[in-house]
Amino acid sequence: MADSSFDIVSKVEWQEVDNAINQTSRELATRFDFKNVGAEISRSGETIEMKASGEERVKAVLDVLQSKFIKRGLSLKALDAKDPQLSGKEYKIFADVKEGITQDDAKKVAKIIRDEGPKGVKAQVQGDELRVTSKSRDDLQTVQNLLKGKDLDFAIQFVNYR
């Protein structure tokens, strides 16, 4: 019988990111506490830019965006927000949307699988994803549960389960 496998990836659904940004923008336009503070949000490539007239207001914009991410099923681990910066008369926060697993992170995950996972499970790095193979599907599900229980500093999804 052939080995079973799945891939561990860190991808973001960009349409959902756009939806979260649009919902945040609509909420900024209608909420009373954001009136006359110049609160704005926009996305350029993988960077989301938030602006407001005060540091507390721009942090509130980030808070609204994070709540929209959660409601849309996006992981906050994919959102890397910087500290507020003063730019002229307004404060700005830049947040990068992280996608893909770095080589170091992939090695950490492979080490966790090797050390704590069932015997006979192999993990190999393939670009920005990780392929996990085993003869037993039960072992693969054990590995998935093991990784879900770990507090990794990046979002992971399991795809191509065969």
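One can find the structure itself at the top, above this paragraph.
Criteria and cut-off values
- Residues numbered from 1 in each chain as written.
- Predicted model: local features only at pLDDT ≥ 70, side-chain atom pairs only at ≥ 80, totals over all residues.
- Heavy atoms only, no water.
- Axes fitted to C-alpha atoms, helices over the stretch in contact; angles between N-to-C directions.
- Helix = DSSP H or I, 4+ residues; strand = E, 2+ residues; numbered from the N terminus.
- Parallel < 35°, antiparallel > 145°, perpendicular 65-115°, else oblique.
- Left-handed = near helix turned anticlockwise from the far one by under 90°.
- Contact = heavy atoms within 4.5 Å.
- Nonpolar A, V, L, I, M, F, W, Y, C, P; charged D, E, K, R; others polar.
- Phe/Tyr/Trp six-rings, centres within 6.5 Å; stacked < 30°, edge-to-face > 60°.
- Buried < 20%, exposed > 50% of the residue type's maximum accessible area, 1.4 Å probe, protein only.
- Lys NZ or Arg CZ within 6 Å of the ring centre and 35° of its normal.
- Pairing = 2+ DSSP bridges.
- Salt bridge = Lys/Arg side-chain N within 4 Å of Asp/Glu carboxyl O.

1. Digging into the packing of helix α3 (residues 103-116) against helix α4 (residues 137-149)
Each pair of packed helices can be summarised by the angle the axes make with each other and by the distance between the axes.
So, step 1. Where α3 meets α4, the axes come as close as 11 Å, and the angle between the chain directions of the two elements is 120°. Comparing the axis directions of α3 and α4 gives the class oblique. The chirality of how α3 crosses α4 is right-handed. In contact with Val-109, Ile-112, Ile-113 and Glu-116 of α3, α4 contributes Val-143, Leu-146 and Leu-147.
So, step 2. In terms of residue class, the contact of α3 with α4 is made up of 6 nonpolar, no polar and 1 charged.

2. Focus: the packing of aromatic side chains
So, step 1. This structure, assessed with the given rule, holds 2 aromatic pairs.
So, step 2. Centroid distance Phe-6 to Phe-158: 5.4 Å. Interplanar angle 85°. Geometry classified as edge-to-face. With Phe-6 in strand β1 (residues 4-9) and Phe-158 in strand β9 (residues 157-159), this pair connects stretches of sequence that are 152 residues apart.
So, step 3. Residue class for Phe-6 comes out buried when judged on its relative accessible area of 0%.
So, step 4. Classification of Phe-158 by relative accessible area gives partly exposed; the value is 23%.
So, step 5. Feature note: the residues Phe-6, Phe-158 and Tyr-161 constitute an aromatic cluster, connected by ring pairs.
So, step 6. When the ring centre of Phe-34 is taken as origin, the NZ or CZ atom of Arg-57, which lies over that ring, is 5.2 Å away.

3. Looking at the sheet that holds β1
So, step 1. If you walk across this open sheet you meet the 4 strands as β7-β8-β1-β9, and the pairing is antiparallel. Lying at the two open borders of the sheet, with one neighbouring strand each, are β7 (122-126) and β9. Neighbour to neighbour, the strand axes of the sheet diverge by 30° on average, direction disregarded.
So, step 2. Across 5 bridges, the pairing between β7 and strand β8 (residues 129-134) is antiparallel.

4. Considerations on the pattern of salt bridges
So, step 1. With the rule as written, the count across this model stands at 17 salt bridges.
So, step 2. In this structure, Asp-80 engages Lys-82 in a salt bridge whose closest nitrogen and oxygen atoms are separated by 3.4 Å.
So, step 3. For Asp-80, a relative accessible area of 31% translates into the label partly exposed.
So, step 4. Among the ionic pairs, Lys-111 bridges to Asp-115, the shortest N-O distance being 2.7 Å. Of this pair, Lys-111 and Asp-115 both sit in helix α3, 4 residues apart, roughly one helical turn.
So, step 5. Salt bridges sharing partners connect three or more residues here, namely Glu-27, Arg-31, Asp-33, Arg-57 and Lys-68.

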